[in-house]
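Coordinates in review
Here's the letter readout for the chains.
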4 protein chains.
Amino acid sequence: MVKTEFKDLRAVFINCTLTKSPAKSHTELLIEASQQIMKKHGVQTKLIRAVDHDIASGVYPDMTKKGWDKDAWPELFKDIAKADILVLAGPIWLGDNSSEMKKVIERLYASSGELNEKGQWLYYGKVGGCLITGNEDGIKHCAMNILYSLQHIGYTIPPQADAGWIGEVGPGASYGDKLEDGKRAGLDNDFTNRNTTFMTWNLMHMAKLLKDNGGIPGEGNLRQAWDNGNHFDFENPEYRS
Amino acid sequence: MVKTEFKDLRAVFINCTLTKSPAKSHTELLIEASQQIMKKHGVQTKLIRAVDHDIASGVYPDMTKKGWDKDAWPELFKDIAKADILVLAGPIWLGDNSSEMKKVIERLYASSGELNEKGQWLYYGKVGGCLITGNEDGIKHCAMNILYSLQHIGYTIPPQADAGWIGEVGPGASYGDKLEDGKRAGLDNDFTNRNTTFMTWNLMHMAKLLKDNGGIPGEGNLRQAWDNGNHFDFENPEYRS
Amino acid sequence: MVKTEFKDLRAVFINCTLTKSPAKSHTELLIEASQQIMKKHGVQTKLIRAVDHDIASGVYPDMTKKGWDKDAWPELFKDIAKADILVLAGPIWLGDNSSEMKKVIERLYASSGELNEKGQWLYYGKVGGCLITGNEDGIKHCAMNILYSLQHIGYTIPPQADAGWIGEVGPGASYGDKLEDGKRAGLDNDFTNRNTTFMTWNLMHMAKLLKDNGGIPGEGNLRQAWDNGNHFDFENPEYRS
Amino acid sequence: MVKTEFKDLRAVFINCTLTKSPAKSHTELLIEASQQIMKKHGVQTKLIRAVDHDIASGVYPDMTKKGWDKDAWPELFKDIAKADILVLAGPIWLGDNSSEMKKVIERLYASSGELNEKGQWLYYGKVGGCLITGNEDGIKHCAMNILYSLQHIGYTIPPQADAGWIGEVGPGASYGDKLEDGKRAGLDNDFTNRNTTFMTWNLMHMAKLLKDNGGIPGEGNLRQAWDNGNHFDFENPEYRS
């Protein structure tokens, strides 16, 4: 039975795996765990696998205006702009985020100068989180960068907005791989499951809280007001005292 | 005139400079810019310069129980536990956070397993931000780590919760230093001033929003409930089929 | 007059700008400063602008074998495999490396399991460095990741193998941009110029030192020998004493 | 039997655990694995546990001149200055280096402006590596920062100069902890053992190579020559045309 307490919320998950469909993405398995909790509570969700689309590189909203033949981003961005929740998910390579993750962040950044109806930057009032899988090391390093980027462009980051799975250092199974004993790597990891759950709920709670309260109040964070000289009680320390 | 809309809020700023009082801390100048906005709006604020106190190293709440002669942390922590807003501030050395910053984060982490009255981790319902100054490089790198650590232990990070000042690459003036032309480095940097202001307001808005709504709802993020088998609609992907 | 002391060396510079040719890349200007020192001393150099080529995403040497229509990497890699010196250069976006940089590192990683004639990994005996430009923040953060990745796959990193330029925090001119006073941003920055020069010379010295000494001696670092049970005097601490 | 091929080399290992002696440090167990390979080959080694000493915080060579009562660093630094090899080792907390590690790096940085007899910075000709242990995540993140810092102040980083151990994500045994089955966590991890061995040998090879060749040649990397106007063939791109 689908519950309805979060039914006015929309969420987008972007999978930044380097692997094109239909090949299997380990990260997608973890995304699904989060996505299905949201679905059960009425959140409208959408999953995008970035590498399946011709997303151009660059820091402009539409790269076809900058000499690229194709750019799937403007169309994909429509859903992101409507979503209350954005979860960026991806693998770890050499301890860092994938190039697809960086491309997606660059494209999100491209629209970060636009303003919402209050005059705040576009992403104000939205919440962000991340999911990371790898076979041995780097969840926190990757999450640090993703969550920083999201808050920097206007997303709110609720408590414990990152989760992931990695195994013991060294080569080994990836998330969900069949092991010799018939089990599947990581799927029984209580820490990963709990953190994924807590992240998902905290994203829903915070998105709901912001939605029900009309977002972040529009004072002290308005770009044009600042540019017009309203400095919201900021005083230059030089002239104090 | 002090305004009163945020008068039920408390904020703690921790300055993680390596410089002991009474010597001047460049970072403190930027802290004051944020702190005075809060004060004008009725927030009760407190500033701690970590290096002035005998804070032990370690990951336990009270290191005198682990063989250290002295530990100023338990006393300092009382204010942190009461505060709705925590701003960690510090300098950049070799492009990274100071050792005092890392020590403070380790000590915050030491209490991260405690629970609040709802059964959420202790820092749930509080908000965090950071201020960084250096002479040439590294605000984002430092902020990434600080904000990640804060959200990981339970703080909410509102939009654009980091601000700072750095000059052009290479040796040069630090924030607030007198320049040859009589000006003071960084104090007129519109970007630094705006970001400091926006951060301050976003911290106040989010802290107020959380306070007025009773914090983050206690569902889907309760440690003991999870341990007791309530998995809040999480389903292991393995068994979904 | 071209000097000849380094004439047996080859260097490849990869520019990881997001900007396609013929549009101008700020990073390229700094690359040229390093490249021309090498040229004057007889090093054979090559400059690749990654975004101009159809380089596939992935962690395999040739992605056309993994379902991609095109992949320019295998051809580009021939020069990299021959080069004694590799300099990865790029811009900063949101404080981090560009997606093109990450893609290049992923592709370098793809060949990191291959062995040289001694039985060491392929990149042993080669040296690496990096050049970063941005308008305000992040040289060290970007360099940290690049140099780590290079040493992790087998490159030697000589002293001070990173250089770059950034201006004061906030929006502003990029490297080489014309300023109001007719000067060009960063070009007179003594620190950037010195570090670029020192990096270049240290790369040449170290590459020459390794070349003249037959690379890194093949003992204690041979993959197949290890797998065959030669543990080069490693003893498990468990069984010591 | 002690071999003698590296008998003119000295190595210092600094353990940046937060745990004071005599309590056990997990990191120290891994240090010993590297140290004993060096010893067998005649390298003179020394192990320092930073937290056991009253090392002041700061970025000056002797902090007693900056208002600190005590500072153990100047005495400890004598061995570091003599050593050809420096290995910084430590634990992971919240995915990052310990505060002790940052303090040690700050103090190394404090002497980075001194020059050697050639006029190069002090650490030129020395080699650096790192060892990291944690229970779940962050070797590469920590290593990235340490190795970057070392190369930035003048150390050479040979191939694969980092090693470490972490277990599967979530709470669990630390390196060397007794497990239920009687084994000890990590000690049989072939990847950790191999990387520790390869790192150790690469440090010895590179230190020997540099020592036998008189260090890094003193051209293109001399601070005072640069300041006096010898720019070692650097040309400002502006004037190239």
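Up top is the structure these notes are about.
Residues numbered from 1 in each chain as written. Chains lettered and ligands numbered in written order. Predicted model: local features only at pLDDT ≥ 70, side-chain atom pairs only at ≥ 80, totals over all residues.

**A few points about the overall build of chain A**
Regarding its fold elements, chain A presents 6 helices and 6 strands. Ordered by position in the sequence, the α and β elements of chain A form the string β-α-β-α-β-β-α-β-α-β-α-α. For 241 residues, the compact-globule estimate of 2.2 N^0.38 gives 18 Å, and the C-alpha radius of gyration of chain A, at 19 Å, lies within 12% of that figure. Taken over the C-alpha atoms alone, chain A extends approximately 70 × 45 × 40 Å along its principal axes. Taken over 241 residues, chain A has a buried fraction of 59%. Here the analysis covers contacts within chain A between residues at least 6 apart in sequence; of these, 74% occur between residues at least 24 apart. (Helix = DSSP H or I, 4+ residues; strand = E, 2+ residues; numbered from the N terminus. Rg over C-alpha atoms; globule rule 2.2 N^0.38 Å. Buried ≥ 20, exposed ≤ 12 C-beta atoms within 10 Å, placed from the backbone. Contact = placed C-beta atoms within 7 Å.)

**A short note on the relation of the copies chain B and chain D**
Expressed as a screw transformation, the operator carrying chain B onto chain D has a rotation angle of 180 degrees and an axial translation of 0.0 Å, and the superposed copies differ by an RMSD of 0.0 Å. In short, the pair behaves as if placed about a two-fold rotation axis. Of the C-alpha atoms belonging to chain B, the one lying closest to the rotation axis is found on Ser99 of chain B, 2.3 Å away. Interface residue correspondence from chain B to chain D reaches 100%, placing this contact among same-surface, isologous pairings. (Least-squares fit on C-alpha atoms with pLDDT ≥ 70 in both.)

**Some points on the relation of the copies chain C and chain D**
Both copies of the chain are placed relative to one another by a rotation about an axis and a shift along it. Note on the identical chains: chain C maps onto chain D by a rotation of 180 degrees and an axial translation of 0.0 Å, with an RMSD of 0.0 Å. Take the interface residues of chain C: 100% of them recur as interface residues in chain D, which is what a same-surface contact looks like.

**Quick word on the interface of chain C and chain D**
Across the boundary between the two partners, chain C contributes 50 residues, which contact 51 residues of chain D. Broken down by secondary-structure element, the contributors of at least two residues to the side of chain C that touches chain D are α1 (26-40), α4 (139-153) and α5 (190-212) of chain C. Looking at the side of chain C that touches chain D residue by residue, the class counts come to 23 nonpolar, 18 polar and 9 charged. (Nonpolar A, V, L, I, M, F, W, Y, C, P; charged D, E, K, R; others polar.)

**Remarks on the environment of Lys3 of chain D**
Residues and elements named next belong to chain D. Position of Lys3 relative to the elements: it lies in the segment before β1 (10-15). Of the residues examined, Lys3 has 12 C-beta atoms within 10 Å and is grouped as exposed. C-alpha of Lys3 to C-alpha of Lys66: the two residues are 63 residues apart in sequence and 45 Å apart in space.

**Description of the interface of chain B and chain D**
Each side of the interface is counted separately: chain B has 22 residues, and chain D has 22 residues. Listing elements by their share of the side of chain B that touches chain D, those giving two or more residues are β4 (96-97), α3 (99-110) and α4 (139-152) of chain B. By residue number, the principal contributor to the side of chain B that touches chain D is α3 of chain B, which donates 7 residues. Of the residues contributing to the side of chain B that touches chain D, the split by class is 7 nonpolar, 9 polar and 6 charged.

**Observations concerning the packing of α1 of chain C against α5 of chain C**
All names here are of chain C. The geometry of α1 relative to α5 is characterised by a closest axis approach of 9 Å and an angle of 45 degrees between their N-to-C directions. When the axis of α1 is compared with that of α5, the two are oblique. The chirality of how α1 crosses α5 is right-handed. Every residue of α5 that contacts α1 at Leu30, Ala33, Ser34, Ile37 and Met38 is listed here: Thr196, Thr197, Met199, Thr200 and Met204. Here the residues of the contact of α1 with α5 sort into 6 nonpolar, 4 polar and no charged. (Axes fitted to C-alpha atoms, helices over the stretch in contact; angles between N-to-C directions. Parallel < 35°, antiparallel > 145°, perpendicular 65-115°, else oblique. Left-handed = near helix turned anticlockwise from the far one by under 90°.)

**Some points on the nonpolar core**
Ranked by internal contacts, the top residues of the largest apolar core, which has 284 residues, are Leu147 of chain A, Leu147 of chain B, Leu147 of chain C together with Leu147 of chain D. In contact with Leu147 of chain A, other than residues within four places in its own chain, are Gly128, Cys130, Ile157, Ala161 and Asp162 of chain A together with Leu147, Tyr148 and Gln151 of chain B. (Core = buried A, V, L, I, M, F, W, Y, C linked by C-beta atoms within 7 Å.)

**Section: unusual backbone geometry**
For the bond running from Ser21 of chain B to Pro22 of chain B, omega is 5 degrees, close enough to zero to count as cis. Along the chain, the position of Pro22 of chain B falls in the loop between β1 (10-15) and α1 (26-40). Even without a glycine there, the phi angle at Gln160 of chain A is positive, about 50 degrees. With respect to the helices and strands, Gln160 of chain A occurs in the loop between α4 (139-152) and β6 (162-165).

**Considering the packing of helix α3 (residues 99-110) of chain A against helix α3 (residues 99-110) of chain C**
Helix-helix packing is described using two parameters, namely the angle between the two axes and the distance between the axes. Where α3 of chain A meets α3 of chain C, the axes come as close as 8 Å, and the angle between the chain directions of the two elements is 175 degrees. On the basis of their axis angle, the class for α3 of chain A and α3 of chain C is roughly antiparallel. Of the residues in α3 of chain C, those in contact with Ser99, Lys102, Lys103 and Glu106 of chain A of α3 of chain A are Ser99, Lys102, Lys103 and Glu106 of chain C.

**A closer look at the pairing of strand β2 (residues 44-49) of chain A**
Residue and element names in this part refer to chain A. Summarising the sheet, strand β1 (residues 10-15) and β2 pair through 6 bridges and their orientation is parallel. Paired with Arg10 across the strands is Gln44, a residue of β2. For the crossover from β1 across helix α1 (residues 26-40) to β2, the handedness is right-handed. (Pairing = 2+ DSSP bridges. Right-handed = clockwise from strand over helix to strand, strands pointing away.)

**Digging into α1 of chain B**
Residues and elements named next belong to chain B. Taking 1.5 Å per residue as the helical rise, α1 with its 15 residues ought to reach 21 Å, and the 22 Å between its terminal C-alpha atoms agrees with that figure. By the criterion of burial, α1 is predominantly enclosed, with 11 of the 15 residues buried. Contacts made by the buried residues of α1 are with β1, β2 (44-49), β3 (85-93), β5 (127-133), β6 (162-165) and α5 (190-212). (Expected span 1.5 Å × (residues − 1).)

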